[in-house]
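So you can see what is in the structure, the chains are spelled out below.
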Amino acid sequence: MHEERDNVLNRYTRVARYRAMENSNELLPALRDAQLVELTRERLILSGIERQEDLVINKIEDFAQTWVCWLDAET
């Protein structure tokens, strides 16, 4: 999670990205306006906005999303 400029919101925002370890490809769409909701030994919960853009019809939609990431206690 880091801050980056969002041209649609016209401001900087926290963005979380979920990437593959071996090649850094994004596995999920970015989570914008990301907030840490809960962090325990078992899980990490982030809440934010997923943006879907259709450049062909010039349409942008934002959807509320929550990521629940189960943590591996052995690592």
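Residues numbered from 1 in each chain as written. Predicted model: local features only at pLDDT ≥ 70, side-chain atom pairs only at ≥ 80, totals over all residues. Heavy atoms only, no water.

J.: Just checking my understanding: could you explain a nonpolar patch on the surface for this structure?
T.: Residues Y18, L27 and L28 make up a contiguous nonpolar surface patch of roughly 280 Å² in combined accessible area. Structurally, the position occupied by L28 is in the loop between β2 (11-16) and β3 (31-39). (Patch = residues over 30% accessible without salt bridge, like charges linked within 9 Å, V, L, I, M, F, W, Y side chains within 5 Å. Areas by Shrake-Rupley, 256 points an atom, 1.4 Å probe, with all protein chains shown as cover. Salt bridge = Lys/Arg side-chain N within 4 Å of Asp/Glu carboxyl O. Helix = DSSP H or I, 4+ residues; strand = E, 2+ residues; numbered from the N terminus.)

J.: Just checking my understanding: could you explain unusual backbone geometry for this structure?
T.: The phi angle of most residues is negative, glycine excepted, and most peptide bonds adopt the trans form. The phi torsion at N10 lies on the positive side, around 60 degrees, for a residue other than glycine. Following the sequence through the fold, N10 ends up in the loop between β1 (2-6) and β2. Phi at D33 takes a positive value of approximately 55 degrees, unusual for a residue other than glycine. With respect to the secondary-structure elements, D33 resides in strand β3.

J.: Please clarify how the pattern of salt bridges should be interpreted in this entry.
T.: Note on pairing: side chains with opposite charge can pair once their charged atoms come close. Within the structure shown, the criterion is met by nine salt bridges. Of the charged contacts in the structure, one is a salt bridge between R17 and E26, with a shortest N-O distance of 2.7 Å. For R17, a relative accessible area of 25% gives the class partly exposed. Classification of E26 as partly exposed rests on a relative accessible area of 38%. Here R51 ties to D62 by a salt bridge, and the two come within 3.0 Å at their closest N and O atoms. Of the two residues, R51 is situated in strand β4 (residues 43-54) and D62 in strand β5 (residues 59-70); the sequence distance between them amounts to 11 residues. The exposure class assigned to D62 is partly exposed, which follows from its relative accessible area of 40%. (Buried < 20%, exposed > 50% of the residue type's maximum accessible area, 1.4 Å probe, protein only.)

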